[in-house]
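Per-entry structural report
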Amino acid sequence: MTQPADQARGCNLALLSAALEPVRRGWHVFPLRPGDKRPAGHAERLCPGTGRCANGHKKPEQRATVDPDLVTAAWTVQPYNIGIATGPSGLLVVDLDVLKPEEQEGTPDGAQSLLALCERAGQPLPPTYQARTPSGGQHLYFTQPAGARLHSTAGRLGHHIDTRGWGGYVVAPGSTTPHGAYTVTDESPVAPLPAWLADQLSERSKPDPHTVMTPVRDGTKAAQVALDRECAVIRAAGDHSRNNTLHKSTCKVARFVAWGNISRSTVEEAIQAAGESTGLSVAECTTTIRSAMDWILTHATPREAT
């Protein structure tokens, strides 16, 4: 009969093998808590300032290594999950999330949002190394452009699309949580990040705060009435329904944008203000509005547009 110690040793060896695989690829790894996605070790607020942190707290990105001896020493002691520090590894990982249970039916998930983004750009994605998360999401691995330093983003590319670059990490295949395992789904070589995606992820310069914004005076009466009505609906939404309401109302008014009755900027500015008034953050509002708007503009038919 297998003893608990033998089982633990087998678990450690399996995770050690999984941890050495990204090291073989030249990717920097660090330990995550066993069965968890969070980094092992102490948080910055609890840093003792001794040992490896004698000269300042070492964040996971700074602790990540490609030294197989250090990896072996760590993973033979504890069955750590594996974190890949994407920035030092020269990676930009596109993280496609699935829908949350409370989200409205018809809301695009990360994979659908990325497909719509590719269709609008008229650009396909190249085959590349991919992994599946326990929830059913996807991690698409790309190499960062030469000389670039792309940071992690949340929602910049679309609804339920995050990216992991400098300042971030992904959970490596071979790691497990109570919800399941991270597994490789495409063994293709890691492709360079397409230039059109790199451009969208590059830092944008902020507008001059002294720039005078001229009021927009376009749109038919019906479009403006619809916009005013949906803004009122958003402002009246409860805490548990405000994001879904924001998405649904944006979809309704976005049809008028597709039909050419009102400009996109007019709608987004008004709905953004209404969404923020409910307590949603600027980023949450921007992500939800952009996703809903893009979805409607992509799928509006010529017959509807007339």
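Reference entry: report on the structure contained in this document. As the structure is a computational prediction, the values presented were derived from the model and not from experiment.

Looking only at helices and strands, the protein chain features 10 helices and 12 strands. Expressed as a percentage of the 306 residues in the protein chain, the buried residues total 40%. Long-range pairs, those at least 24 residues apart, make up 76% of the contacts in the protein chain between residues at least 6 apart in sequence. Here the protein chain displays about 16400 Å² of accessible surface, and carbon together with sulfur accounts for 54% of that area.

Moving on to the pattern of salt bridges. Going through the model one piece at a time under the given rule, you end up with 10 salt bridges. Among the salt bridges present, the one from R24 reaches E21, with a minimum N-O distance of 2.6 Å. On the criterion of helical spacing, the pair formed by R24 and E21 is a turn pair, its members being 3 residues apart in helix α1 (residues 4-24). The class of R24 is exposed, set by a relative accessible area of 60%. You can call E21 partly exposed: its relative accessible area is 29%. Between E187 and R25 there is a salt bridge, with its nearest N and O atoms 3.8 Å apart. Of this pair, E187 sits in the loop between β11 (183-186) and β12 (191-192) while R25 sits in the loop between α1 and β1 (29-32); the two residues are 162 residues apart in sequence, bridging distant segments of the chain. Counted as one network, the salt bridges with shared partners bring together E21, R24, R25 and E187.

Our next topic: the environment of Y129. Take Y129: it is sitting in the loop between α4 (110-121) and β4 (130-132). Given the relative accessible area of 4%, Y129 is considered buried. Separated by 13 residues in sequence, Y129 and F142 place their C-alpha atoms 7.7 Å apart. In this structure, Y129 is in contact with R25, W27, H139, L140, Y141, P173, V184, D186, E187, S188, P189 and V190, ignoring residues within four places of it in sequence.

Every other side chain in a regular strand lies on the same face of the sheet, so the side chains alternate between the two faces. Extensive coverage of strand β2 (residues 81-85) is indicated by the burial of 5 of its 5 residues. By the alternation rule, side chains of β2 split into N81, G83 and A85 and I82 and I84, which are all buried. With 4 bridges connecting them, β1 and β2 associate as antiparallel partners. Paired with P31 across the bridge in β2 is I82. The pairing of β2 with strand β8 (residues 169-171) spans 3 bridges and is antiparallel. Paired with A85 across the strands is Y169, a residue of β8.

Right, let's get into the packing of aromatic side chains. If you walk through the whole model with that rule in mind, you get 6 aromatic pairs. Summarising the aromatic geometry, the rings of W75 and Y80 are spaced 5.9 Å apart at their centres and angled 80 degrees between planes, so their arrangement reads as edge-to-face. Here W75 and Y80 have matching classes, each one buried. Judged by centre distance (5.3 Å) and plane angle (70 degrees), the rings of F256 and W259 are edge-to-face. You can call W259 partly exposed: its relative accessible area is 32%. Grouping aromatic residues by their ring pairs yields a cluster made of W27, Y129 and Y141. When the ring centre of W166 is taken as reference, the NZ or CZ atom of R149 above it lies at 3.7 Å.

Taken in spatial order, the 3 strands of this open sheet run β1-β2-β8, and their pairing is antiparallel. Edge positions in the sheet fall to β1 and β8, since each of these pairs with one other strand and no more. Each neighbouring strand pair of the sheet contributes to a mean axis angle of 35 degrees, computed without reference to strand direction. Relative to β1, helix α3 (residues 68-75) is tilted by about 10 degrees, and along the sheet it contacts β1 and β2.

Helix length check: α4, at 12 residues, gives a terminal C-alpha distance of 16 Å against a target of 16 Å (1.5 Å per residue), a fit within 8%. Restricting attention to buried positions, one finds in α4 the residues G110, S113, L114, A116, L117 and C118. The elements touched by buried residues of α4 are β3 (91-96), β5 (138-143), β7 (161-164), α5 (195-201) and α9 (282-299). Regarding α4, its N-cap is D109, as a side-chain oxygen of that residue lies 3.3 Å from the backbone nitrogen of A111 further along. One or two positions beyond α4, positive phi appears at G122, with a value near 65 degrees.

As a further point, take unusual backbone geometry. Positive phi, close to 65 degrees, is recorded for H160, a residue that is not glycine. Taking the relative accessible area as the measure of exposure, H160 reaches 9% and is therefore buried.

What follows is about helix α8 (residues 264-276). Its 13 residues place the ends of α8 18 Å apart at the C-alpha level, agreeing with the 18 Å of an ideal helix rising 1.5 Å per residue. What α8 keeps buried is the set T266, V267, I271, Q272, A274 and G275. In this structure, the buried side of α8 is in contact with α6 (221-235), α7 (242-258) and α9.

Conventions used here
Residues numbered from 1 in each chain as written. Predicted model: local features only at pLDDT ≥ 70, side-chain atom pairs only at ≥ 80, totals over all residues. Heavy atoms only, no water. Helix = DSSP H or I, 4+ residues; strand = E, 2+ residues; numbered from the N terminus. Buried < 20%, exposed > 50% of the residue type's maximum accessible area, 1.4 Å probe, protein only. Contact = heavy atoms within 4.5 Å. Areas by Shrake-Rupley, 256 points an atom, 1.4 Å probe, with all protein chains shown as cover. Salt bridge = Lys/Arg side-chain N within 4 Å of Asp/Glu carboxyl O. Pairing = 2+ DSSP bridges. Phe/Tyr/Trp six-rings, centres within 6.5 Å; stacked < 30°, edge-to-face > 60°. Lys NZ or Arg CZ within 6 Å of the ring centre and 35° of its normal. Axes fitted to C-alpha atoms, helices over the stretch in contact; angles between N-to-C directions. Expected span 1.5 Å × (residues − 1). Polar contact = N/O pair within 3.5 Å; in protein donor to acceptor, adjacent residues only side chain to side chain.

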